[in-house]
Amino acid sequence: QFCDHLLLPFLITMAHGNFSDLIFLILVGVVVQWFAFPATLFQDLGPLKAQFSVKNADMDAIIKFGGGLLLMMGMTFSGVSWNPINGKMGGFGGFLVAGHTVYSTFKADSDVFVPRLFYIYAAVIFFGALHIFAFPSNPLPPKTPETKNNHGNVGDAVALCLIIAAAFCTFYPDHLFEDFGPFKAQFSTKSADLSAMIKFIGGLMLMLGLMISGVKWNPINGKMAGFGGFIAAGYTAYSTFQADSSAFVPRLFYVYAMVIFVGALHVFAFPSNPKLPKPDSKKA
């Protein structure tokens with residue numbers, strides 16, 4: 001009993017300093033690349049061949065959107081104390097993203113391995129997923145009467161929206177090239193590069209949705225993910241507005257930005273669970 005009370009404060013720790021923080025730092029590096037140096041995606045980098053070949057407004061828009069998703073995902077990796085339960089859904093989503101990215105990149109090069117950045121991104125996502133799925137850094141926190149079931153709340157509604165969007169990107173990417181009711185087509189010209197990015201973005205939305213659904217959010221663990229989501233939503237809306245010559249044209253990226261914003265607001269300011277009790281706190 002004495003040893004348990006002595007060791008528990010050291011076992012139940014925040015994510016900082018462990019493998020999930022390394023994944024966070026790498027993903028932030030990718031975000032910087034996509035936001036500040038997108039031209040590197042279109043050029044050879046040492047042994048890595050260019051990921052894309054043709055620059056246009058559509059590619060610029062989806063790269064900015066993808067950078068926001070990667071930022072929110074990276075901050076979720078770092079801000080959550082991963083335990084044997086809360087990383088299962090996000091980890092499973094990461095395995096799907098990594099596997100599909102590797103497979104589709106390989107097929108796009110006519111079944112020949114050509115070293116490209118997407119293989120590196122897939123490896124980072126895979127190892128991050130493996131960490132939170134199978135090797136989390138924290139034990140399962142004690143369940144209290146205040147602990148709520150995550151499912152059925154705002155987080156699950158946001159997750160469902162992201163999963164549906166991911167399914168459309170994966171299985172029916174043409175929806176982004178078509179007018180839909182009051183919404184104008186998000187993109188104008190189809191290309192192999194844009195198709196690859198749409199599938200990759202769909203995977204990121206799937207993983208992010210499963211992360212949001214699988215974590216029991218409290219006043220502490222959602223702050224970084226929420227802040228990242230605010231940046232992702234705001235930058236997506238701003239860049240879409242700017243791409244239309246500073247005129248509001250209803251497009252699906254505004255819908256995606258709103259879904260991300262609502263999810264970020266939920267985990268940042270209105271989580272469903274109370275703060276976890278300190279392990280060394282004594283009952284009166």
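Each value, and the rule that gives it
Residues numbered from 1 in each chain as written. Predicted model: local features only at pLDDT ≥ 70, side-chain atom pairs only at ≥ 80, totals over all residues. Heavy atoms only, no water. Helix = DSSP H or I, 4+ residues; strand = E, 2+ residues; numbered from the N terminus. Buried < 20%, exposed > 50% of the residue type's maximum accessible area, 1.4 Å probe, protein only. pLDDT = per-residue confidence, 0-100. Contact = heavy atoms within 4.5 Å. Patch = residues over 30% accessible without salt bridge, like charges linked within 9 Å, V, L, I, M, F, W, Y side chains within 5 Å. Areas by Shrake-Rupley, 256 points an atom, 1.4 Å probe, with all protein chains shown as cover. Salt bridge = Lys/Arg side-chain N within 4 Å of Asp/Glu carboxyl O.

**Thoughts on unusual backbone geometry**
Here is step 1 of the chain: Unlike most non-glycine residues, serine 110 shows phi in positive territory, near 55°.
Here is step 2 of the chain: Its location among the elements puts serine 110 in the loop between helix H4 (88-108) and helix H5 (117-134).
Here is step 3 of the chain: Look at serine 110 and you get exposed, because its relative accessible area is 61%.
Here is step 4 of the chain: Notably, serine 246 is not glycine yet its phi reads approximately 60°, a positive angle.
Here is step 5 of the chain: Residue position: serine 246 is located in the loop between helix H8 (223-243) and helix H9 (252-269).
Here is step 6 of the chain: What makes serine 246 partly exposed here is its relative accessible area of 41%.

**Examining the confidence of the model for the protein**
Here is step 1 of the chain: For the protein, mean pLDDT is 91; residues scoring 70 or higher make up 89% of the total.
Here is step 2 of the chain: Per-residue pLDDT stays below 50 along residues 1-15; that stretch engages in 21 contacts with residues further than four places along the chain or on separate chains.

**What about a nonpolar patch on the surface?**
Here is step 1 of the chain: On the surface, a cluster of nonpolar side chains totalling about 530 Å² of accessible area is made up of Val154, Met258, Phe261, Val262, Leu265 and Phe270.
Here is step 2 of the chain: The element best represented in the nonpolar patch is H9, accounting for 4 residues.
Here is step 3 of the chain: For valine 154, the position within the fold is in helix H6 (residues 154-171).

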